[in-house]
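For reference, the chains in residue letters:
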Amino acid sequence: MTSVDAAAWSMRIVFVGLLLYVCVTDSRERRIPNAACVIGLFAALVWHGLTGPGSGLFSASDAGALGLTSSLLGALAAFALFLALHLIRVMGAGDVKLMGMLGAWFGLSSVPELVLSVFLAGGALVVARIAFGVSARSVGANLRTIVAGLRPAGWGASAEPPA
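Residues numbered from 1 in each chain as written. Predicted model: local features only at pLDDT ≥ 70, side-chain atom pairs only at ≥ 80, totals over all residues. Heavy atoms only, no water.

K.L.:
Looking at this structure, how should I read helix α3 (residues 68-87)?
P.N.:
An α-helix turns once every 3.6 residues. As a result, residues three or four positions apart point the same way. Its 20 residues place the ends of α3 28 Å apart at the C-alpha level, agreeing with the 28 Å of an ideal helix rising 1.5 Å per residue. Three or more residues of α3 are buried, namely S70, S71, G74, A75, A78, F82 and L85. On an axial view of α3, the arc spanned by its buried residues comes to 135°, and they lie on one face. Across from the buried face of α3, at angles greater than 90 degrees, the exposed residues are T69, L76 and L87. Tucked inside the fold, the buried residues of α3 contact α2 (34-50), α4 (93-106) and α5 (111-131). Directly beyond the C-terminal end of α3, a positive phi value near 65° is found at R89. (Helix = DSSP H or I, 4+ residues; strand = E, 2+ residues; numbered from the N terminus. Expected span 1.5 Å × (residues − 1). Buried < 20%, exposed > 50% of the residue type's maximum accessible area, 1.4 Å probe, protein only. Arc of directions from axis to C-beta. Contact = heavy atoms within 4.5 Å.)

K.L.:
When you look at the pattern of salt bridges in this model, what are you seeing that I'm missing?
P.N.:
Two side chains bearing opposite charge may form a pair once their charged atoms approach each other closely. Under the defined criterion, the tally for this structure stands at one salt bridge. Measuring nitrogen to oxygen at the nearest pair gives 3.6 Å for the salt bridge that ties E29 to R31. (Salt bridge = Lys/Arg side-chain N within 4 Å of Asp/Glu carboxyl O.)

K.L.:
I would appreciate a short explanation of the nonpolar core in the present structure.
P.N.:
It is characteristic of soluble globular proteins that their nonpolar side chains tend to be buried jointly. The biggest cluster of nonpolar side chains holds 28 residues, and the ones touching the most others in it are M11, L57, F82, L98, L102 and W105. The set of elements that each furnish at least two residues to this core consists of α1 (3-29), α2, α3, α4 and α5. The leading source of residues in this core is α4, at seven residues. In this view, L98 contacts L19, V22, I32 and C37; residues no more than four positions away in its chain are not counted. (Core = buried A, V, L, I, M, F, W, Y, C linked by side-chain atoms within 4.5 Å.)

Written as structure tokens, this is what we have:
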């Protein structure tokens, strides 16, 4: 095992450990600790800033850094995209911080896949909630709240713009 392989495995363990901590904390307390997001962001920036070039931390054959610029731009892009969703009340502020941290780990080029993965996971959670007892009425109420948040200000209950 080379030093890059050892460092990659160490950082993978840090990454997975942070995500497990965030998942447990979020499910128990309904919050994502700032410290976890800051530590994860810092670890991602250190990895991508100091490690030799490669195809990212999770590449099986070429583990290495995507570069500090890609990591920073990934963090900013993911944060901005999910901040927009927070502003229309689709997700919480902790989720926005977490997505910014994940954007730093995966880099700018992977942000579209990150967004798609989050949407698919969210859809799976909705299906699971309905299947395991949360009423469809409750899920429907949440969807109505989201759709209402998407409507431009001043539009009534119909989809018609104000006169």
